[in-house]
Amino acid sequence: MEPDPDCSLCPRLRSFRHRWRDAEPGWFNAPVPGFGPRGAQVLIVGLAPGLRGANRTGRPFTGDYAGDLLFATLLKYGLAQGRYGGHAEDGLALPGCRIVNAVRCVPPQNRPSGAEAAACRPFLAAELQALPPGGAALALGRVAHDAVLSALGERRAAHPFGHGALHRLGCRRWLADSYHCSRYNTNTGRLTPAMFEAAIEGMLEAIATG
Ligand code: SF4
């Protein structure tokens, strides 16, 4: 289930999209669809499209710094194939995972409101329902972590966010946590490439246990 290309459930985000559609008519400027096959064993969940990243290119995590670390790591672990070129026509394939954002439209200052996250939740819930039992959602950051728990009806108190944490959910799926692979987090040392790889390795080991 994908949102309408001119989804109006969040008036503030729709108006922000339209403002950027006028300013940059060559950009995507619409709800960004998921990337990768539905039903893959790994569902990577980000927060929301970056203004000059996914909102520009139309593909999650594509075209800004966060994609550089994410796709390099996915290529290393065989979750992606090809070459990441920073645009939606680079031929990159995701045989082993799918990537979505908890909120499909770019928010001002990268901050969706709680009401906007709730409005977009049914689209995330549909993605999670397609995740096979034994598979894992990898939440990039606390907001994505909370969005996954809410979409699945799980209690937040039972599953606190922590980088590298693994949560066995009632639906027989895993929730794996990582700090978001943003430029800010990597520049400040909050997330290093080694830490990100460790979170991915932990998730893959959990999937292997079923
Ligand atoms: S964030 Fe989601 S619910 Fe809100 S307008 Fe965009 S697609 Fe619609």
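If you're wondering where the values come from, they're calculated on a predicted model, not measured in any experiment.

Draft legend 1. Broad picture of the overall build of the chain. When you go through the chain residue by residue, the secondary structure sums to seven helices and five strands. Listed by position from the N terminus, the elements making up the chain come as α-β-α-α-β-α-β-α-β-β-α-α. Here the chain has a C-alpha radius of gyration of 16 Å; the compact-globule value for 210 residues is 17 Å, and the two agree. Considering only C-alpha atoms, the chain reaches an extent of 50 × 35 × 35 Å along its principal axes. Put simply, the chain has 210 residues, and 51% of those count as buried. Contacts in the chain between residues far apart in sequence, at least 24 positions, make up 66% of those at least 6 positions apart. Of the roughly 9200 Å² of accessible surface on the chain, a fraction of 53% belongs to carbon and sulfur atoms.

Draft legend 2. Molecular detail of the pattern of salt bridges. Overall, the coordinates contain 13 salt bridges when judged by the stated rule. Glutamate 127 is the partner of arginine 38 in a salt bridge, and the nearest nitrogen-oxygen pair spans 3.2 Å. Taken together, the residues span a long stretch of sequence, with arginine 38 in the loop between α1 (11-23) and β1 (42-46) and glutamate 127 in helix α4 (residues 114-129) at a distance of 89 residues. Among the ionic pairs, glutamate 197 bridges to lysine 76, the shortest N-O distance being 3.0 Å. Residue glutamate 197 is located in helix α7 (residues 193-209), and its partner lysine 76 is located in helix α3 (residues 65-76); the two are separated by 121 residues in the primary sequence. Here the residues in one salt-bridge network are Glu2, Arg38, Arg98, Arg104 and Glu127, joined through shared partners.

Draft legend 3. Broad picture of the packing of α3 against α7. Orientation of α3 relative to α7, taken along the N-to-C sense of each, is 50 degrees, at an axis distance of 11 Å. In terms of their interaxial angle, α3 and α7 are classed as oblique. In the packing of α3 onto α7, the handedness of the crossing is right-handed. For the pair α3 and α7, contact is made by Leu69, Leu70, Thr73, Leu74 and Lys76 and by Pro193, Phe196, Glu197 and Ile200, respectively. Across the contact of α3 with α7, the residue classes tally to six nonpolar, one polar and two charged.

Draft legend 4. Looking closely at the packing of α4 against helix α5 (residues 142-152). Here α4 crosses α5 at 80 degrees, and the two axes come no closer than 9 Å. Relative to α5, α4 is oriented roughly perpendicular. Between α4, through Arg121, Leu124, Ala125 and Leu128, and α5, the contact on the second element is made entirely by Ala147, Val148, Ser150, Ala151 and Leu152. Class assignment of the residues belonging to the contact of α4 with α5 gives a composition of seven nonpolar, one polar and one charged.

Parameters and conventions
- Residues numbered from 1 in each chain as written.
- Predicted model: local features only at pLDDT ≥ 70, side-chain atom pairs only at ≥ 80, totals over all residues.
- Heavy atoms only, no water.
- Helix = DSSP H or I, 4+ residues; strand = E, 2+ residues; numbered from the N terminus.
- Rg over C-alpha atoms; globule rule 2.2 N^0.38 Å.
- Buried < 20%, exposed > 50% of the residue type's maximum accessible area, 1.4 Å probe, protein only.
- Contact = heavy atoms within 4.5 Å.
- Areas by Shrake-Rupley, 256 points an atom, 1.4 Å probe, with all protein chains shown as cover.
- Salt bridge = Lys/Arg side-chain N within 4 Å of Asp/Glu carboxyl O.
- Axes fitted to C-alpha atoms, helices over the stretch in contact; angles between N-to-C directions.
- Parallel < 35°, antiparallel > 145°, perpendicular 65-115°, else oblique.
- Left-handed = near helix turned anticlockwise from the far one by under 90°.
- Nonpolar A, V, L, I, M, F, W, Y, C, P; charged D, E, K, R; others polar.

The quantities given are spatial measurements derived from coordinates; they are silent on function.
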